[in-house]
Amino acid sequence: MNLVSKSPQPRSGILDIAAYVPGNEHAPGVAKVHKLSSNETPLGASPHAIEAFQKAAFNLERYPDGQAHALKDAIAAVHGLNPANIVCGNGSDELLGLICHTYLGPGDEGIITEHGFLVYKIQIMAAGATAVTVKEKDAHVDVDAILAAVTERTKIVFIANPANPTGTYIPVDEVRRLHASLPSGVLLVLDAAYAEYVRRNDYEAGLELVSANRNVVMTRTFSKIYGLAGLRIGWMFAPHEIVDAVDRVRGPFNLNAPAIAAGAAAIRDQAFVAAAVDHNLTWLAKVTAALQGIGLRVTPSVTNFVLIHFPETGGKSAEDADAFLTARGFILRAVRAYGFPNALRMTIGSEEANEGVIAALTEFMGQE
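Being a predicted model, the structure only gives us computed values, none of them experimental.

What counts, and at which threshold
- Residues numbered from 1 in each chain as written.
- Predicted model: local features only at pLDDT ≥ 70, side-chain atom pairs only at ≥ 80, totals over all residues.
- Heavy atoms only, no water.
- Phe/Tyr/Trp six-rings, centres within 6.5 Å; stacked < 30°, edge-to-face > 60°.
- Helix = DSSP H or I, 4+ residues; strand = E, 2+ residues; numbered from the N terminus.
- Buried < 20%, exposed > 50% of the residue type's maximum accessible area, 1.4 Å probe, protein only.
- Lys NZ or Arg CZ within 6 Å of the ring centre and 35° of its normal.
- UniProt positions renumbered as here; feature names shortened; annotations may be inferred.
- Contact = heavy atoms within 4.5 Å.
- Polar contact = N/O pair within 3.5 Å; in protein donor to acceptor, adjacent residues only side chain to side chain.
- Pairing = 2+ DSSP bridges.

**Quick word on the packing of aromatic side chains**
Counted according to the given criterion, the structure contains 8 aromatic pairs. Taking 4.9 Å as the distance between ring centres and 10° as the angle between the ring planes, the aromatic pair formed by Tyr120 and Phe158 counts as stacked. Pair noted here: Tyr120 is in helix H4 (residues 118-126) and Phe158 is in strand S5 (residues 154-160), with a separation of 38 residues, a long-range link. The class of Tyr120 is buried, set by a relative accessible area of 2%. Each ring, one from Tyr194 and one from Phe305, has its centre 5.1 Å from the other, and the planes form 75°; the classification is edge-to-face. Note that Tyr194 is positioned in the loop between strand S6 (187-191) and helix H7 (207-212) and Phe305 in strand S10 (residues 305-309), a separation of 111 residues in sequence. Each member of the pair Tyr194 and Phe305 is classed as buried. Grouped by ring-pair contacts, the aromatic residues Phe117, Tyr120 and Phe158 constitute a single cluster. In this arrangement the basic side chain of Arg328 is found over the ring face of Phe324, its NZ or CZ atom lying 3.5 Å from the centre.

Now the structure itself:
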């Protein structure tokens, strides 16, 4: 038998995927670094979550609960939901991937928006489907543009509300208009990773829309306001049929035991969440006003980060600002891959970090 030597080849389309690149966290040669590139909370995790995590360490020889009942029950109690409509995952990223692998295949299309979370496109392509990108309007999701892109091949529409990296949102009436105009066979996925930070009367994360329909899913995360990014915990609220389908492809132990315990304790500590909201509201306003005061444009945000736009001329580019800040220990997120080549995204951090960025950018903008 004459065999030709050939290495295993990935499925068609896999090598066309641009791998996700996380926010930087290193500033070589700098003694103290403030990482403001990944939208992590400056308050850390709830003491109750840390205690629950530590207790779980005494039973690491045992498999976790494959249905994460303790976590589902805690989520359901806080939000007034039926635990049977909840799926928990290894971060909401895993859940987004499970949705794509469950509902997409070759020949199908998934709609994403111009500045949407990069993971949507990655997971659509990984499922063998085609990602269709529609324009946004002034860094906001454009419902009419999405509807114009729907075809008989459309199976999923992804929107992040609020959006990352813009920090903008669309009101619930617009979300409902989008859903009402979609074919019943199209799944609307509402990524509400930053919902806990929003304080707007016309905003809803998606709970009501999911409860009343069979083709809407909402995803959430414990990586932001709950301070558990290192444990990778996400959850999905969905109709029974979708929960059943996703559970058939989900790994049997996709969430580890310490994560389940810490997540359940974290979501029950709503006083800690309230403190995080208060800190964010105070500093979001201060940072925005200060940066605008030195001549920078800031996209209005309802999240725990701001998108900062730099001048197109005069040697004050985002790239220059990034290098200037990094040299001083302040790491922000370059967002060229999101369609903003001359902007940086800044997480609202501690008082020291926020004041430091303001001072550094004031110096940067004042240089001749």
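**Description of unusual backbone geometry**
A cis geometry characterises the amide bond from Asn161 onward to Pro162, with omega recorded as 0°. Tracing the backbone shows Pro162 in the loop between S5 and helix H6 (172-181). Cis geometry marks the peptide bond from Asn164 to Pro165; its omega dihedral reads 20°. Looking at the element boundaries, Pro165 is found in the loop between S5 and H6. At Asp138, a position not held by glycine, the phi torsion is positive, near 55°.

**A few points about the UniProt feature "modified residue: N6-(pyridoxal phosphate)lysine" (unreviewed entry) in the protein chain**
The UniProt entry lists Lys224 under the feature "modified residue: N6-(pyridoxal phosphate)lysine" (unreviewed entry), expressed in the numbering used here. With respect to the helices and strands, Lys224 occurs in the loop between strand S7 (216-221) and strand S8 (234-237). Excluding residues within four positions of it along the chain, Lys224 makes contact with Ser38, Asn39, Thr41, Ala193, Tyr194 and Tyr197. At 3.3 Å, the side chain of Lys224 forms a polar contact with the backbone oxygen of Ser38.

**Digging into the pairing of S8**
Side-chain alternation along S8 places Gly234 and Met236 on one buried face and Trp235 and Phe237 on a second face that is also buried. Two strands pair when backbone bridges link them, and strand S2 (residues 86-89) and S8 are joined in this way by 4 bridges, in the antiparallel orientation. Directly across from Gly89, in S8, lies its bridge partner Gly234. Pairing between S7 and S8: 4 bridges, direction antiparallel. Bridging from a neighbouring strand, Thr219 pairs with Met236 of S8.

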